[in-house]
Amino acid sequence: MTAYYQCLYREQQADGVVLAQYRPTIHAQGAWNDHEQHMAPATGVITHELTQFSPNNHMRIARISLDILGLIPLDEFTVTTRLIRPGKTIELIESVMSSGGRDCISARAWRLMTQDTSAIAGLEDHVATHLPNQLPDWDEIKGWPGGFIQSVRLVSDPQRRAGKGMVWITTDVEMVEGERTADLVHLLGLVDTANGVVPRTGLGLAESGWMFPNTDLQIHMHRAPQGRWLGIEAVQQYGTDGIGLTSAVLHDVSGPFGRSEQILTVRPIPR
């Protein structure tokens with residue numbers, strides 16, 4: 001089986017904290033440096049640990065906030081997950097990824113009580129004009145380097161352009177070797193690609209001379225997503241002082257389910 005990660009062990013300590021150790025495969029390789037992980041599968045494996053932690057059938061993850069604390073090495077790492085704020089209807093849990101004695105990502109997730117609110121449900125985000133089976137493959141994304149980008153398949157809406165547009169993305173690669181990837185983990189493990197699908201400087205990084213890595217990833221979900229295709233309706237904006245923002249409405253084939261935000265540090269590529 002092809003996977004982004006191998007789980008070496010997972011154990012729960014006496015205080016309820018869960019420790020898991022992983023080894024990344026080449027499919028987790030990032031785009032900015034060949035010795036780092038891509039934030040997308042890193043988000044996926046953290047989501048996997050958050051969903052495994054003391055699950056409650058009456059709650060679900062509604063928001064995950066991830067802060068990137070530095071380069072994410074393409075090397076073995078641990079994920080430490082604990083309960084921050086217990087509650088019967090609202091919980092806050094945390095996962096921290098660490099490698100080589102340094103924290104790489106800090107993630108916190110709100111789990112909220114679920115109940116029937118169909119009588120007052122309503123959305124302002126629009127359903128996508130085209131579903132993935134109606135669109136052509138978008139191979140231009142392969143202009144990004146790294147094993148992760150090579151592991152995914154994308155199709156693009158014909159109106160996509162630099163700065164704005166919609167793509168659909170999926171992968172056949174499992175998140176963790178030997179474990180079935182849940183829909184939530186599969187889809188959230190693709191969200192970080194939002195920063196690379198409508199770059200204002202174009203996909204030719206060497207030609208543009210600019211880079212724009214994100215330092216965080218915020219995901220909010222008004223419903224639980226399902227399926228294997230993630231729709232990313234993205235907008236990328238750069239300010240005048242070196243800071244940018246990538247925002248996206250997130251879709252599955254049934255419609256919009258949430259939004260993501262990524263703050264960017266926009267800077268010249270080092271020569």
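Quick caveat, the model's predicted, so the values are computed rather than measured.

Asker: I would appreciate a short explanation of the overall build of the protein chain in the present structure.
Answerer: Secondary structure assignment for the protein chain yields five helices and 15 strands. Over its C-alpha atoms the protein chain spans a radius of gyration of 18 Å, differing by no more than 12% from the 18 Å that the globule rule assigns to 271 residues. Taking the principal axes of the C-alpha coordinates as reference, the protein chain spans close to 55 × 50 × 40 Å. Here the protein chain holds 271 residues, and the buried ones make up 52% of them.

Asker: Can you help me understand the pattern of salt bridges in this one?
Answerer: Going through the model one piece at a time under the given rule, you end up with 12 salt bridges. Note that Glu94 and Arg82 form a salt bridge whose closest N and O atoms lie 2.9 Å from each other. One end of the pair, Glu94, is in strand E5 (residues 90-99); the other, Arg82, is in strand E4 (residues 77-85), with 12 residues separating them in the sequence. Put simply, Arg10, Glu49 and Glu179 are held in one network by salt bridges that share partners.

Asker: Please clarify how the side chain of Ser65 should be interpreted in this entry.
Answerer: Within the secondary structure, Ser65 sits in strand E3 (residues 59-68). Its relative accessible area of 13% is what places Ser65 among the buried residues. In this structure the side chain of Ser65 is engaged in a polar contact, spanning 2.6 Å, whose partner is the side chain of Gln218. With residues near it in sequence (within four places) discarded, Ser65 still touches Ser106, Ala107, Arg108, Leu217 and Gln218.

Asker: Would you mind going over the environment of Ala224 with me for this structure?
Answerer: Note that Ala224 resides in the loop between strand E11 (216-221) and strand E12 (230-238). Here the alpha-carbon distance between Ala224 and Phe257, two residues 33 residues apart in the chain, equals 6.9 Å.

Asker: Would you mind going over the nonpolar core with me for this structure?
Answerer: One recurring pattern in soluble globular proteins is that nonpolar side chains are buried together. Of all hydrophobic cores here, the largest spans 61 residues; its most connected members are Tyr5, Val45, Met97, Ile105, Val197, Leu230 and Ile232. Tallying contributions element by element places helix H1 (residues 39-52) first for this core, with six residues. Residues Ala128, Leu135, Val155 and Trp229 belong to the second largest nonpolar core, which totals six residues.

What counts, and at which threshold
- Residue indices begin from 1 for each chain and proceed along its sequence in written order.
- At least 70 in pLDDT is required for a residue's local features to be given in this predicted model, at least 80 for side-chain atom pairs to be given and counted, and no such filter applies to totals for whole chains, interfaces and linings, which use all residues.
- Water and hydrogen atoms were dropped before computing side-chain values, which therefore reflect all heavy atoms in the structure.
- Secondary structure elements follow DSSP: runs of H or I of four or more residues count as helices, runs of E of two or more count as strands, with numbering from the N terminus.
- For the radius of gyration, the atom set is restricted to C-alpha positions; the globular benchmark scales as 2.2 Å times the number of residues to the power 0.38.
- The buried label goes to any residue with under 20% of its type's maximum accessible area, the exposed label to any with over 50%, and the partly exposed label to all in between, with areas taken from a 1.4 Å probe on protein chains only.
- Should a side-chain nitrogen of Lys or Arg be within 4 Å of a carboxyl oxygen of Asp or Glu, the pair is scored as a salt bridge.
- Two N or O atoms form a polar contact when they lie within 3.5 Å of each other; inside protein one atom must be a possible hydrogen donor and the other a possible acceptor, and for residues adjacent in sequence the pair counts only when both atoms belong to side chains.
- Should any heavy atoms of two residues lie within 4.5 Å, those residues are counted as being in contact.
- Note on terminology: a nonpolar core comprises buried Ala, Val, Leu, Ile, Met, Phe, Trp, Tyr and Cys residues joined through side-chain atoms within 4.5 Å.

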